[in-house]
Amino acid sequence: MKKIIIIGAGIAGLSAGCYAKMNGYDAHIFEMHNLPGGLCTAWKRNGYTFDVCIHWLEGTSPNSPFHRIWQELGVIQDKKIHYKDISVRLISNGQTVNFYCDPDKLAKHLKEIAPEDSETIEELVNTIRKAYKLFNMPLTKAKELFGVIDKLKNIISFIPFMKFFIKYGRMNIDDFAAKFKNPILQQAILGLMADTEFTQFFGVPFMIATQGCGFPEGGSLNFAKSIEQSYLKLGGKIHYNSKIEKILVNNNEAVGVRLEGGKDVKADMVISAADGYSTIFKMLDGKFINNKIKNCYETQPTFPTYLQVSIGLDMDLSSNSNLNNSIYNFYKLDKPIEIAGKEHSFLSLKNYGFDPTFSPKGKTTLVVGFSCKFEDWEYLSQDREKYQQEKKKVERAVISFLKKIIPRIEEKIEAIDVATPLTIVRYTGNWKGSYMGWANPFSVKVSKTLPKLKNFFMIGQWVGGTGVSGAAQSGRDCLEYICVKHKKKFITTTL
Ligand SMILES: Cc1cc2nc3c(=O)[nH]c(=O)nc-3n(C[C@H](O)[C@H](O)[C@H](O)COP(=O)(O)OP(=O)(O)OC[C@H]3O[C@@H](n4cnc5c(N)ncnc54)[C@H](O)[C@@H]3O)c2cc1C
């Protein structure tokens, strides 16, 4: 039985492990943390669960082509899924705009606010319909296995989207917002991306097209643990607290790994499901690159990183109509909050009151998030005291804002926690604290293999496996590819 070592028990690594076992390989996952999940995680404080990852998950609905992968990984069958009606509720200057996931409902709501903008509203809603069509395209075999016919079929399947990509691919969000005559809708569109580094309109339809993408009860870590359980049931082995320092190479073939502390473990193949930069430039000392890879890591922007303030409240907000039914509420701040030198004029708030597993009965977990630049936090962290002061400052600013929408909140806080971009790095090793890999996964095409290195593969968010579902798919694709290379039929089972 061929032995595969998988570095990292994030979603990509766990998925690869499951498919490796389904196909008769001896799979060993090495994870530096003491938990599975990587970015798909959560932690407990004083009885409250603070979740950091899944807001909406592709493939929860049986209608989604992706659903099959979650079934194969045995992670969806017994899970209660919570769905939201509204993707983003935007509250600015006393006005509320609900970005409903259902395009028809959204069009109706926006036309009620601004009948004069009917035409632009229809245009917006049509971009969302296109995003749904893209999400619902049938899954194909691993792209690495595409022959000429497959490539041709793939090109043909994208023809109906060409106009959409050409028209909106490079359109600036300011330009789209300017099409609205109504200032409320103009501001609402701008507000959707205001806290991010993104200036392109293209993200908007994908942000709203979340109908059928639910939240698995129990949250992110629970979800990851379900895949871990499937992997263990299949006979896979997992080694926690085991950081990989080097990938062992002999005659341009990966032959195993060296753990921190110096222990070597041999294998027939190595799959890295860990951070891309560490894998290529640290574990492999930058020896297996070409200009494309070098250029990519030198010039391509990474997805922004993130700061989260999590709050455990002795208050029941599960039926608060202003805080429910949306994945996020975005609030325009009267006074911007300065975080690590950057002004934030919007705050995103998430109420987990809908999931009874998140807090003791009658209590609520809230999460406030800000998009950040890693360099700002890296700089701050050089002075431990300043770093801690900044965390406290953010905490105070957030509470001061929340007081306006949740009276007496300060008296009710039973747990509070600020996780910075450095927390993301410490927990997962991801380069620059990025939680989606590259900023523009459409323009960065990086392969799952490295030049001249045999028996080695990369999977996960740095090689196109973006998001939880993308990470799982990349693990599956990798094993399909390995099976074909070994002239084996790729087998999947539904757990
Ligand atoms: C705030 C936030 C919100 C998000 N929202 C969503 C969402 O709503 N929907 C969605 O689909 N996705 C979302 N994501 C993105 C999603 O979590 C990630 O894209 C996905 O989980 C990446 O999985 P991965 O397996 O590729 O990488 P990772 O999760 O980074 O896993 C890598 C694993 O490798 C381990 N590792 C690293 N180095 C080593 C080493 N040297 N030795 C051993 N182990 C190592 C790490 O500890 C980690 O466990 C969100 C993420 C965050 C943080």
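For the structure, see preceding data.
Residues numbered from 1 in each chain as written. Predicted model: local features only at pLDDT ≥ 70, side-chain atom pairs only at ≥ 80, totals over all residues.

Time to look at unusual backbone geometry. One non-glycine residue with positive phi stands out, namely N93, at about 45°. Tracing the backbone shows N93 in the loop between β6 (86-92) and β7 (95-100). Overall, the presence of 9 C-beta atoms within 10 Å leaves N93 in the exposed class. A positive phi angle is found at K432, which is not glycine, with a value near 55°. (Helix = DSSP H or I, 4+ residues; strand = E, 2+ residues; numbered from the N terminus. Buried ≥ 20, exposed ≤ 12 C-beta atoms within 10 Å, placed from the backbone.)

Inspection of the secondary structure assignment puts G475 in helix α17 (residues 467-485). Judged by C-beta crowding, with 30 C-beta atoms within 10 Å, G475 ranks as buried. Sequence-wise, G475 and M458 are 17 residues apart; in three dimensions their C-alpha atoms are separated by 9.0 Å.

The next thing to look at is the sheet that holds strand β12 (residues 264-266). Taken together, the three strands give an open sheet; going across it, the order is β10-β11-β12, and neighbouring strands pair in antiparallel fashion. The sheet terminates laterally at β10 (244-250) and β12, the two strands that pair on one side only. With strand direction ignored, the average angle separating the axes of adjacent strands in the sheet is 30°. When β10 meets strand β11 (residues 253-259), the two strands line up antiparallel, connected through six bridges. Within β11, the residue paired with I244 across the bridge is L259. (Pairing = 2+ DSSP bridges. Axes fitted to C-alpha atoms, helices over the stretch in contact; angles between N-to-C directions.)

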